[in-house]
Amino acid sequence: MSHLLEVQDLKVTFALRFGDLTAIDGISFFLDRKEKLGLVGESGAGKSVTGFSIINLISKPGFISGGKVIFEGRELQSLSHKEIRTIRGNRISMIFQDPMMTLNPVLTIGTQMVETVLAHRNVSHKEAQQIALEKLQKVYIPSPEKRLQQYPHECSGGMRQRIVIAIALLTDPSLIIADEPTTALDVTIQAGIMDLLRELCETENMGLILITHDLAVVSQVTEKIAVMYAGKIIESGPTDLIVKNPRHPYTKGLIHSLPGSHRPGESLKQIPGMMPTLTDIPEGCAFHPRCEISETVCTRVIPALQTAGQPDHLAACHLLHKTREN
Ligand code: SF4
């Protein structure tokens, strides 16, 4: 049986005056309905570009320069702009960090929701209102009838993000791509939104791609993780396995820099240095200038993703034998 989404050897290039820059360099993964995948990494790793390329929303001078995105059995690159727009609006929904990127501040929530339903479905205005109300109930908005009359600024940040999720559900999508959906929210509100996304995947039979820099958030919600660095997936596998036994030094660094990962009295261990920019990706393993165990081979040869010991657990590191112990 085919997967809900298959990304095969995807490459995204930015054609600039001084030459081409590779933003995504041959990444592959798949997702099924009800499955939740975390795309993790620091800012600049290529996570959001991956999300946008799945829905063919890479703006020029960027373009998909290789590989395939197959969604519900259709190769998206082979479709017309109109067909892609239909899939983007109906079958795949995207949720952003800032709810105000989705919400129009000068229209009531009801107007925005009803207009969205009418743009995608052949229903009456009254039916559209009913659908909007049902979706607000699905995301546990209190007094949903009242919310429909309100403007976005009358709602709290957490409430606005729930409304955005309700809007994402209006077209009954089979895939939601959520790009840092809780980064701007308090921790307790974050947890509620994550619980909601997890529940909706089950009840609405959807897949979820959760794009975030926060491994702690991903470990609460997803069943599998792909860790990205400089446009590549450098470790992937079941969430439990990666959180308990990360094999790539970068993933280890991300986990060890999480609050709660250190012993009492120890300070948090940060990964030294910064993610390289696209114009400055080091030769060999792109992580080698920041890696505490790098050897000469790392500066010359790009490591391939290889099995890291357990089924489905892959890591791209020349020295996997050295990374067995935490
Ligand atoms: Fe570190 Fe070398 Fe592994 Fe890269 S390949 S993560 S530099 S040990």
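Cut-offs used in this document
Residues numbered from 1 in each chain as written. Predicted model: local features only at pLDDT ≥ 70, side-chain atom pairs only at ≥ 80, totals over all residues. Heavy atoms only, no water. Helix = DSSP H or I, 4+ residues; strand = E, 2+ residues; numbered from the N terminus. Buried < 20%, exposed > 50% of the residue type's maximum accessible area, 1.4 Å probe, protein only. Lys, Arg positive; Asp, Glu negative; His and termini not counted. Charge placed at Lys NZ, Arg CZ, Asp CG, Glu CD. Pairing = 2+ DSSP bridges. Contact = heavy atoms within 4.5 Å. Axes fitted to C-alpha atoms, helices over the stretch in contact; angles between N-to-C directions. Domains from an automatic or database assignment. Polar contact = N/O pair within 3.5 Å; in protein donor to acceptor, adjacent residues only side chain to side chain. Expected span 1.5 Å × (residues − 1). Salt bridge = Lys/Arg side-chain N within 4 Å of Asp/Glu carboxyl O. Near = heavy atom within 4 Å. 1 Å grid on protein atoms, 1.4 Å probe; cavity = no way out; pocket = protein on both sides within 12 Å on 5 of 7 lines; lining within 4 Å. Sits in = over half its atoms within 2 Å of the grid points. Nonpolar A, V, L, I, M, F, W, Y, C, P; charged D, E, K, R; others polar.

### Regarding the overall build of the protein
Looking only at helices and strands, the protein features 11 helices and 12 strands. Counting only C-alpha atoms, the protein reaches 65 × 50 × 40 Å along its principal axes. Within the protein, the proportion of its 326 residues that are buried is 48%. Separation of charge centres in the protein, based on 33 positive and 35 negative side chains, amounts to 2 Å.

### Let's talk about the sheet that holds strand β5 (residues 74-75)
Strand order in this open sheet of four strands is β2-β1-β4-β5, and the pairing throughout is antiparallel. Each having just a single partner strand, β2 (19-31) and β5 make up the two edges of the open sheet. Here two bridges tie strand β4 (residues 62-71) to β5, and the two strands are oriented antiparallel to one another. Across the sheet, the residue bridging to Phe71 is Arg74, located in β5. With respect to the sheet, helix α1 (residues 47-54) is in contact with β1 (5-16), β2 and β4, its orientation differing from that of β2 by roughly 75°.

### Structural notes on the domain arrangement of the protein
Each domain of the protein was delimited in the assignment, giving domain 1 (5-91 + 174-269) and domain 2 (107-172). Taking the mean C-alpha position of each, domain 1 and domain 2 sit 26 Å from one another. At the interface, 16 residues of domain 1 touch 13 residues of domain 2. The interface formed by domain 1 and domain 2 holds four residue pairs in polar contact (both at pLDDT 80 or more) in total. Elements with a contribution of two residues or more to the side of domain 1 that touches domain 2: α2 (81-90) and α7 (187-203). It is α7 that provides the largest number of residues to the side of domain 1 that touches domain 2, a total of seven residues.

### Examining helix α3 (residues 109-120)
Its 12 residues place the ends of α3 17 Å apart at the C-alpha level, agreeing with the 16 Å of an ideal helix rising 1.5 Å per residue. Those residues of α3 that fall on the buried side of the exposure criterion are Ile109, Gly110, Gln112, Met113, Val114 and Val117. In this structure, the buried side of α3 is in contact with α4 (125-138), α5 (144-149) and α6 (157-169).

### Some thoughts on the pattern of salt bridges
Applying the stated criterion across every chain yields a total of 13 salt bridges. With a shortest N-O distance of 3.4 Å, Lys11 and Asp9 are connected by a salt bridge. The exposure class of Lys11 is partly exposed, given its relative accessible area of 28%. Across the pair Asp172 and Arg121 runs a salt bridge whose closest N-O atoms are separated by 2.5 Å. A residue pair is termed long-range when its members are at least 10 positions apart, and Asp172 in the loop between α6 and β7 (175-179) and Arg121 in the loop between α3 and α4 qualify at 51 residues. Among the ionic contacts, a cluster of salt bridges with common partners joins Arg33, Glu72 and Arg91.

### So, the site of the ligand
Surrounding the ligand, one finds 13 residues, the nearest of these being Cys285, Cys291, Cys298, Cys317 and His318. Among the detected pockets, the ligand sits in the largest cavity. Looking at the shell around the ligand residue by residue, the class counts come to nine nonpolar, four polar and no charged.

### Quick word on the sheet that holds strand β9 (residues 224-229)
What the eight strands build is an open sheet, ordered β6-β7-β8-β3-β9-β10-β12-β11; its pairing is mixed. With partners counted over all chains shown, the strands left at the sheet margins are β6 (92-95) and β11 (306-307), one partner each. By the bridge criterion, four bridges tie strand β3 (residues 36-40) to β9 in an arrangement that is parallel. From the neighbouring strand, Gly38 faces β9, where its bridge partner is Ile225. Of the strands in this sheet, β3, β6, β7, β8 (207-212) and β9 are in contact with α1, which crosses β8 at around 150°. Contacts from α6 reach β6 and β7, with the element oriented near 170° to β6.

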